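# Structural overview for review
In case you want the letters, here they are:
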Amino acid sequence: MIKINKAIGYLAGLILVFLIYLVGQLFFFFNTARVSGHICDITSKSGSFRHPGRVEIFYACFTTKENKNITFRAGSNLDYGLDDTVQVLYKKNNPHRARIDHFSELWVVPAFIYIIPFALVMGIVTAIYAGRRYVIINKKPFKISTIK
């Protein structure tokens, strides 16, 4: 019998979620093409009660290698101006799935959806080490609790 302490369990959970993230990213990078595009529209809107201030939403335009003109939402609050040239990665079979070739747009923004699997894995690891049988996930307010 191998005894693993809680810190190693958390580290293993973190590595597991990181591997899931890398596999998800790998699926995006299969069958992609890189082209040059430009920022074709910047829409500014006021924030909400939770996020006051102005939010700028950037749209990028590019032409695929099959000569299709595509416009996609590139992100918000980026460091670009109107008509700035950007490099775009897009899926060849679905050109509307595109990202600007910038570190934050390629790697950081897609990582946010992996917060939920990370929380689930950490809750399960905690339940295992606390000797619990069930993990309960409440939506409002979001919390993970265990019962015996």
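Look up: the structure comes first, before these words.
What you are looking at is a predicted structure, and each value in this text was computed from that prediction instead of being measured.

Here is what the cut-offs are and how they apply
- Residues numbered from 1 in each chain as written.
- Predicted model: local features only at pLDDT ≥ 70, side-chain atom pairs only at ≥ 80, totals over all residues.
- Heavy atoms only, no water.
- 1 Å grid on protein atoms, 1.4 Å probe; cavity = no way out; pocket = protein on both sides within 12 Å on 5 of 7 lines; lining within 4 Å.
- Points joined across faces, edges and corners; volume = space filled by probe spheres on them.
- Helix = DSSP H or I, 4+ residues; strand = E, 2+ residues; numbered from the N terminus.
- Nonpolar A, V, L, I, M, F, W, Y, C, P; charged D, E, K, R; others polar.
- Salt bridge = Lys/Arg side-chain N within 4 Å of Asp/Glu carboxyl O.
- Buried < 20%, exposed > 50% of the residue type's maximum accessible area, 1.4 Å probe, protein only.
- Pairing = 2+ DSSP bridges.
- Contact = heavy atoms within 4.5 Å.
- Axes fitted to C-alpha atoms, helices over the stretch in contact; angles between N-to-C directions.

### Topic: the layout of surface pockets
Within this model, the largest pocket holds a volume of roughly 150 Å³. Lining the largest pocket, in full, are F72, R73, A74, H96, R97, A98, R99, E105, V109 and P110. At the level of elements, β3 (69-76) and β5 (98-100) are the ones that each hand at least two residues to the lining of the largest pocket. Per-element tally for the lining of the largest pocket: the top contributor is β3, with three residues. Class assignment for the residues of the lining of the largest pocket results in five nonpolar, one polar and four charged.

### Concerning the pattern of salt bridges
What the rule picks out here adds up to one salt bridge. Residue R34 is joined to D101 by a salt bridge in which the shortest nitrogen-to-oxygen separation is 1.9 Å. Here R34, found in strand β1 (residues 32-46), pairs with D101, found in the loop between β5 and α2 (103-108); they are 67 residues apart in sequence, far enough to count as distant. Here R34 falls in the partly exposed class, since its relative accessible area comes to 44%.

### As for the pairing of β1
Of the pairings in the sheet, the one linking β1 to strand β4 (residues 85-91) comprises seven bridges and is antiparallel in character. In the strand pairing of β4, V35 is matched with V88. One ladder, built from nine bridges, connects β1 with strand β2 (residues 54-63); its direction is antiparallel. Looking at β2, one finds that H38 is bridged to C61.

### Some words on the environment of D101
Residue D101 is classed as partly exposed on the basis of its relative accessible area, which comes to 30%. Sequence separation between D101 and S36 is 65 residues; the distance between their C-alpha atoms is 9.7 Å. Beyond its immediate sequence surroundings of up to four residues, D101 is in contact with R34, Q87, V88 and L106.

### So, the sheet that holds β4
The five strands lie next to each other as β3-β2-β1-β4-β5, forming an open sheet whose pairing is antiparallel. The outermost strands of the open sheet, each flanked by one partner alone, are β3 and β5. Taking each pair of neighbouring strands and ignoring which way they run, the sheet shows an average axis angle of 40°.

That's the geometry; what it means functionally is another story.
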